[in-house]
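# Fold and contact review
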Amino acid sequence: MSISYNALSGALAAQAALNTVSQNIANAQTKGYTRQGVLLQASAGDGSSGMSPGNGVKIGSLLRFSDSYKSQQMWRAASDLGQHTQTQPYLTQMEKVMSDGKSSLSYGIDTLFKAFNAAAVDPTSTPLRQQVITAADSMSQQFNSIYNVTSNQLISVQQQRSAILPGLNESLAGIAALNQQVISIGNNGTNTSALIDQREQLIDKVASQIGVEVLNNPDGTASVSLKSGQPLVVANLYGKLAFDNTGGAPQLALTFANTSFKLDDTRVGGQLGGLADYQENTLKPLQKSISEIAEQMSGMINTQLAAGFTSPGVPGTDLLKFNTANPTDGTIQLLQVTSGFKTADLAFSSDGLPGDSGNLQKLVAIKGQPITLTSLGSVLLGDADTQVVGKLGIDSQQNQAQLNTATTVRQQSEDDWKSTSAVNTDEEAINLVEFQNMYQANMKVIAVANTLFDATIKMFG
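This structure is a prediction, so every number in the text was calculated from the model and none was measured.

## Thoughts on helix α1 (residues 2–26)
Relative to the 36 Å expected for 25 residues at 1.5 Å per residue, α1 spans 36 Å between its end C-alpha atoms, a close match to the ideal helical length. Along α1, the residues classified as buried are Ala-7, Ser-9, Gly-10, Ala-11, Ala-13, Ala-14, Ala-16, Ala-17, Thr-20, Val-21 and Asn-24. Considering only its buried residues, α1 is in contact with β1 (36–42), β2 (57–64) and α9 (425–459).

Below, the structure written as structure tokens:
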């Protein structure tokens, strides 16, 4: 009977819809789960009778509520957020170290030149001379301490970059494997929504580590590439990222299908790009500026001391020693007081006579003389550290502002994704009642059909 068949198809369709609703509710708190639904379609009659209203209802397909544009926006936001999140702790640390009131380079330099000024009161005073040597040693330690912070950060940044790669490569392999599963299972007519959810979770993780572009293919696979175009995943093939150390400095390289690509890791985006950009464009220039200040200041002081005399006919010797070679124990002594230097070695006199401070006045004037820094150009020695710290502060503030923006954009993109793909328990509760009523109504129709059938049998009984 048509009435029984129609009702049975309706009950089965309602049952399938209830199964989908129950799956959605069960995964309401599952991260990355994309809600599903059923597409119900009226089943047309077979044409045997012009009076047939149709053959009930059928399930056209299972729906997966997703928007590729919103997913792409979320992945781009993840890349920007990862880039600025990784660099901010390093910037904050350096800003605090460089601007500390008692351990900054400016404090050490000011203290040394204050000691020079104090010695002008009595150039022959041993305590005042000793104060100059003590101030020079203290300043040297401050230079060494801050320079070693930059060196330790360089080591930490490279270690962190290297630590990202194993997980990143594993995620790329996982995406390729899920592509293969989507093809093989999808060809059998099995629902692949759960596999696609897993794949998109891996893509989101990859996007936070390195900037990517994603293309969803008609066969259900997803192709992943760098923003510069190099392929990371195509179907079931995937690339591998590694650092090439053959040229000395680590060079990020991608190997895909036996082809190797050299990458500019400052431009790859994500955590890797953020760390590389900080290393190359902030940390190394900062380290070089510190070294240049130490080298030029020590050279100017030593040159001026050599122009003076400790006694008639006896020129001065170097107060400070600048070291260009890195020691094997890892502790860099960028600047230090010359070993064995004594108070009597300070050539404050311009003619060697006791009490003369002609050369000492020239030493005091060094603070107002210019030096040249690669990152800033020509600056006064007394202002050099202030300008270096100022530039670092600007970099830190800009990154913090970009981090705040990236955090907001990421949250908005997640909210946009959830508006389409996340489970709304209120909506599912309504669906649950509606499909339950649909099921019960169709079962009632079947009961009516059975009653009519029984009555017809009795008529002919």
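## Regarding the sheet that holds strand β5 (residues 231–234)
Strand order in the open sheet formed by 4 strands is β3-β4-β5-β6, and the pairing between neighbours is antiparallel. The sheet terminates laterally at β3 (212–216) and β6 (237–238), the two strands that pair on one side only. Two elements, β3 and strand β4 (residues 222–226), share 5 bridges in a ladder whose sense is antiparallel. Bridge assignment links Asn-216 to a residue of β4, and that residue is Ala-222. Docked against the sheet, helix α4 (residues 126–186) engages β4, β5 and β6, running at close to 25 degrees with respect to β5. Relative to β3, helix α5 (residues 193–209) is tilted by about 160 degrees, and along the sheet it contacts β3 and β4.

## Focus on the UniProt feature "domain: Flagellar basal body rod protein N-terminal" (unreviewed entry) in the protein
UniProt's feature table lists "domain: Flagellar basal body rod protein N-terminal" (unreviewed entry) at residues 5–34, given in the numbering used throughout. Structurally, residues 5–34 comprises 73% helix and 0% strand, and the distance from its first C-alpha atom to its last is 33 Å.

## So, the pairing of strand β7 (residues 240–244)
The side-chain alternation of β7 yields one buried face, formed by Leu-241 and Phe-243, and one unburied face, formed by Lys-240, Ala-242 and Asp-244. Of the strand pairs in this sheet, β7 and strand β8 (residues 251–256) are connected by 5 bridges, and their pairing is antiparallel. Note that in β8 the partner of Ala-242 across the bridge is Ala-253. Counted between consecutive antiparallel strands, the loop separating β7 from β8 contains 6 residues, among which Gly-248 sits at a positive phi close to 100 degrees.

## Observations concerning the domain arrangement of the protein
If you check the domain split of the protein, you get domain 1 (1–65 + 424–460) and domain 2 (67–422). In this structure, domain 1 and domain 2 have C-alpha centres spaced 63 Å apart. Contacts between the two partners involve 10 residues from domain 1, matched on the other side by 10 residues from domain 2. On the surface where domain 1 and domain 2 come into contact, there are 2 salt bridges.

## Overview of the sheet that holds β7
A sheet is described by the order of its strands in space; here 3 strands give the open sequence β7-β8-β9, paired in antiparallel fashion. Edge positions in the sheet fall to β7 and β9 (259–262), since each of these pairs with one other strand and no more. With direction set aside, neighbouring strand axes in the sheet form an average angle of 30 degrees.

## Quick notes on the pattern of salt bridges
One pass over the full model with this rule turns up 13 salt bridges. Arg-76 is the partner of Glu-213 in a salt bridge, and the nearest nitrogen-oxygen pair spans 3.3 Å. In this pair, Glu-213 sits in strand β3 while Arg-76 sits in helix α2 (residues 68–99), placing the two residues 137 residues apart along the sequence. A relative accessible area of 30% means that Arg-76 is categorised as partly exposed. For the salt bridge of Glu-280 with Lys-284, the shortest nitrogen-to-oxygen distance reads 3.1 Å. Within this pair, Glu-280 and its partner Lys-284 are both found in helix α6 (residues 270–307), separated by 4 residues, close to a single helical turn.

## Quick word on the side chain of Asn-24
One can find Asn-24 in helix α1. Separated by 2.7 Å, the side chains of Asn-24 and Tyr-33 make a polar contact. Among all residues touching Asn-24, those that are not within four sequence positions of it are Tyr-33, Arg-35, Gln-36, Val-423 and Glu-428.

## So, the packing of aromatic side chains
Here the structure, examined in full by the defined rule, presents 3 aromatic pairs. Ring centres of Tyr-90 and Tyr-278 lie 5.7 Å apart, and the angle between their planes is 25 degrees; on these two criteria the pair is classed as stacked. With Tyr-90 in helix α2 and Tyr-278 in helix α6, this pair connects stretches of sequence that are 188 residues apart. By the burial criterion, Tyr-90 is buried, and Tyr-278 matches it. Put simply, the rings of Phe-113, Phe-116 and Phe-348 pair up and form one aromatic cluster. The lysine or arginine in question, Arg-35, covers the ring of Phe-65, its NZ or CZ lying 4.0 Å from the ring centre.

## A short note on the packing of α2 against helix α8 (residues 381–421)
At a minimum axis distance of 7 Å, the contact between α2 and α8 shows a crossing angle of 155 degrees. With respect to their mutual orientation, α2 and α8 come out roughly antiparallel. Relative to α8, α2 is oriented so that their crossing is left-handed. When its residues are assigned to classes, the contact of α2 with α8 shows 15 nonpolar, 17 polar and 8 charged.

What counts, and where the lines are drawn
Residues numbered from 1 in each chain as written. Predicted model: local features only at pLDDT ≥ 70, side-chain atom pairs only at ≥ 80, totals over all residues. Heavy atoms only, no water. Helix = DSSP H or I, 4+ residues; strand = E, 2+ residues; numbered from the N terminus. Expected span 1.5 Å × (residues − 1). Buried < 20%, exposed > 50% of the residue type's maximum accessible area, 1.4 Å probe, protein only. Contact = heavy atoms within 4.5 Å. Pairing = 2+ DSSP bridges. Axes fitted to C-alpha atoms, helices over the stretch in contact; angles between N-to-C directions. UniProt positions renumbered as here; feature names shortened; annotations may be inferred. Domains from an automatic or database assignment. Salt bridge = Lys/Arg side-chain N within 4 Å of Asp/Glu carboxyl O. Polar contact = N/O pair within 3.5 Å; in protein donor to acceptor, adjacent residues only side chain to side chain. Phe/Tyr/Trp six-rings, centres within 6.5 Å; stacked < 30°, edge-to-face > 60°. Lys NZ or Arg CZ within 6 Å of the ring centre and 35° of its normal. Parallel < 35°, antiparallel > 145°, perpendicular 65-115°, else oblique. Left-handed = near helix turned anticlockwise from the far one by under 90°. Nonpolar A, V, L, I, M, F, W, Y, C, P; charged D, E, K, R; others polar.

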